[in-house]
Amino acid sequence: MKIKNKKDFGLGIFGILFSLWIAFYSMSYIPEAKHAGDPGPKLFPLIGAGIMLLCSVAILFNQEEPKRDKDGNIKPFLTKKQWIAASKVFGIYCLMTLLFYLIGFTATVPIILFILTLMLSKVSVPDMPMKKRVIRILIFAVVAGAVIYAAYILGLQARLPKGIIWKLFK
């Protein structure tokens, strides 16, 4: 196998190693199912690790030639503007983690959906007036949050973070 693109090769190797670590961790440290016929808490991490492993192998063996500019130089992975946008999304996910801890799942999901959708809508529909965009996104965030709540809390009866702030009022 010839390495055409160092980034794809590195990402493929990292993905394979990380998926194997997830599978090892899931099999070693996550407890068994408590009920007969229940797949238990190991199922989703193992499915995710399997999908990640398949995608990483595909990336490793199907590398693209690096993109080049008009002079034949390899283009950078991301431009400065793209790095800033990626950093903002990462920051929003950090905020989501903090909000899960502070106010819990039920309140965090619509807030994060609103922020992310608003941020991405500036790119996808830049000509839409801000007031109309905010109203649409607000409706979407509330409806999608309710659907996610119904799926996890009511449908799957999952126990999700409640948040420490709500515990103070008890």
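Here the structure is a predicted model, which is why all the values come from computation and not from measurement.

J.: In this structure, what is going on with the packing of aromatic side chains? I would like to understand it.
T.: Aromatic ring pairs are described here by two measures, namely the spacing of the ring centres and the angle between the planes. One pass over the structure, following the stated rule, counts seven aromatic pairs. When the centroid spacing of 5.6 Å and the interplanar angle of 10° are considered together, the rings of F14 and F18 count as stacked. Here the residue F14 and the residue F18 both occupy positions in helix α1 (residues 6–29), the gap between them amounting to four residues, near one helical turn. Classification of F18 by relative accessible area gives partly exposed; the value is 33%.

J.: I would appreciate a short explanation of a nonpolar patch on the surface in the present structure.
T.: Among the surface-exposed residues, L95, L98, Y101, I164, I165, W166, L168 and F169 lie close enough to one another that they form a single nonpolar patch of about 840 Å² accessible area. Sorting the residues of the nonpolar patch by element identifies α3 (80–103) and α6 (164–168) as the ones contributing at least two each. Per element, the largest residue contribution to the nonpolar patch is four residues, and it comes from α6. For W166, the location among the structural elements is in helix α6.

Parameters at a glance
Residues numbered from 1 in each chain as written. Predicted model: local features only at pLDDT ≥ 70, side-chain atom pairs only at ≥ 80, totals over all residues. Heavy atoms only, no water. Phe/Tyr/Trp six-rings, centres within 6.5 Å; stacked < 30°, edge-to-face > 60°. Helix = DSSP H or I, 4+ residues; strand = E, 2+ residues; numbered from the N terminus. Buried < 20%, exposed > 50% of the residue type's maximum accessible area, 1.4 Å probe, protein only. Patch = residues over 30% accessible without salt bridge, like charges linked within 9 Å, V, L, I, M, F, W, Y side chains within 5 Å. Areas by Shrake-Rupley, 256 points an atom, 1.4 Å probe, with all protein chains shown as cover. Salt bridge = Lys/Arg side-chain N within 4 Å of Asp/Glu carboxyl O.

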